[in-house]
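A look at the structure
Single-letter residue listing:
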Amino acid sequence: MEFKTNIPIYLQVIEDIKQKIIAGTLPLGSKLPSSRELAIEYQINPNTAARIYSEMESMGLSYTRRGIGTFVTEDDRVIDDLKKERIEEIIQSFDEQLTGMGFSHDEILELLKEHFGK
């Protein structure tokens, strides 16, 4: 994974893990790598890996069972919220780009209708 210099690494890794959860690559209730394994996988400091899991737990994305490991949440409402959050980000970016090119919202809707054949 290539890290951006203007965003903290731990946030970038959390976003990557969120995407894997949304895509189903990391299913609900699945065991996550240990902090040490996460550090190796992303080539990050082990303290950063521990912070990632701590942050994810506070966001409700994961839970830890002492001595067993860290797991993806089993609450599908959290995943639905993640999907809604991601959709909103995509739509906001899409809107900013097209309105920045001079398109009105009505024109954007027409373009979408043409694209999707309706």
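Residues numbered from 1 in each chain as written. Predicted model: local features only at pLDDT ≥ 70, side-chain atom pairs only at ≥ 80, totals over all residues. Heavy atoms only, no water.

**Comments concerning the nonpolar core**
Counting 21 residues, the largest nonpolar core has Ile17, Ile21, Leu38, Ile44, Ile52 and Met56 as its most contacted members. Elements with a minimum of two residues in this core: helix H1 (9-23), helix H2 (35-42), helix H3 (46-58) and helix H4 (76-100). Excluding residues within four positions of it along the chain, Met56 makes contact with Ile14, Ile17, Leu32, Leu61 and Ser62. (Core = buried A, V, L, I, M, F, W, Y, C linked by side-chain atoms within 4.5 Å. Buried < 20%, exposed > 50% of the residue type's maximum accessible area, 1.4 Å probe, protein only. Helix = DSSP H or I, 4+ residues; strand = E, 2+ residues; numbered from the N terminus. Contact = heavy atoms within 4.5 Å.)

**Focus: unusual backbone geometry**
In this structure, Gln43 takes a positive phi of about 55° despite not being glycine. With respect to the helices, strands and loops of the structure, Gln43 is situated in the loop between H2 and H3. A relative accessible area of 74% means that Gln43 is categorised as exposed.

**A few points about the packing of H1 against H4**
Look at H1 against H4: their axes get within 10 Å of each other, and the N-to-C directions meet at 115°. Considering the angle they form, H1 stands roughly perpendicular to H4. For H1 against H4, the interelement crossing comes out left-handed. Along its contact with H1, which presents Glu15, Lys18, Gln19, Ile21 and Ile22, the element H4 presents Ile79, Leu82, Lys83, Glu85 and Arg86. (Axes fitted to C-alpha atoms, helices over the stretch in contact; angles between N-to-C directions. Parallel < 35°, antiparallel > 145°, perpendicular 65-115°, else oblique. Left-handed = near helix turned anticlockwise from the far one by under 90°.)

**Description of H4**
The end-to-end C-alpha distance of H4 is 36 Å, a good match for the 36 Å that 25 residues give at a rise of 1.5 Å each. Of the positions making up H4, those classed as buried are Val78, Ile79, Leu82, Arg86 and Leu98. Looking at the packing, one finds that the buried side of H4 touches H1 and helix H5 (105-116). Between the side-chain oxygen at the start of H4 and the backbone nitrogen of Arg77 there is a gap of 2.9 Å, and the oxygen is on Asp75. Downstream of H4 by a residue or two, Gly102 has a phi angle that is positive, lying close to 100°. (Expected span 1.5 Å × (residues − 1). Polar contact = N/O pair within 3.5 Å; in protein donor to acceptor, adjacent residues only side chain to side chain.)

**Describing the packing of H4 against H5**
Between two packed helices, what matters for the description is the angle formed by their axes and the separation of those axes. Where H4 contacts H5, the two axes come as close as 10 Å, and the packing angle between them is 110°. Here H4 is positioned roughly perpendicular relative to H5, judged by the angle of their axes. Of the two elements, H4 crosses H5, and the hand of that crossing is right-handed. Residues Phe94, Asp95, Leu98 and Thr99 of H4 pack against His105, Ile108 and Leu112 of H5. When the residues that make up the contact of H4 with H5 are grouped by side-chain class, the tally is four nonpolar, two polar and one charged. (Nonpolar A, V, L, I, M, F, W, Y, C, P; charged D, E, K, R; others polar.)

**A look at the side chain of Thr70**
Relative to the elements of secondary structure, Thr70 occurs in strand S2 (residues 69-72). A polar contact of 3.2 Å, which involves the side chain of Thr70, links it to the side chain of Thr64.

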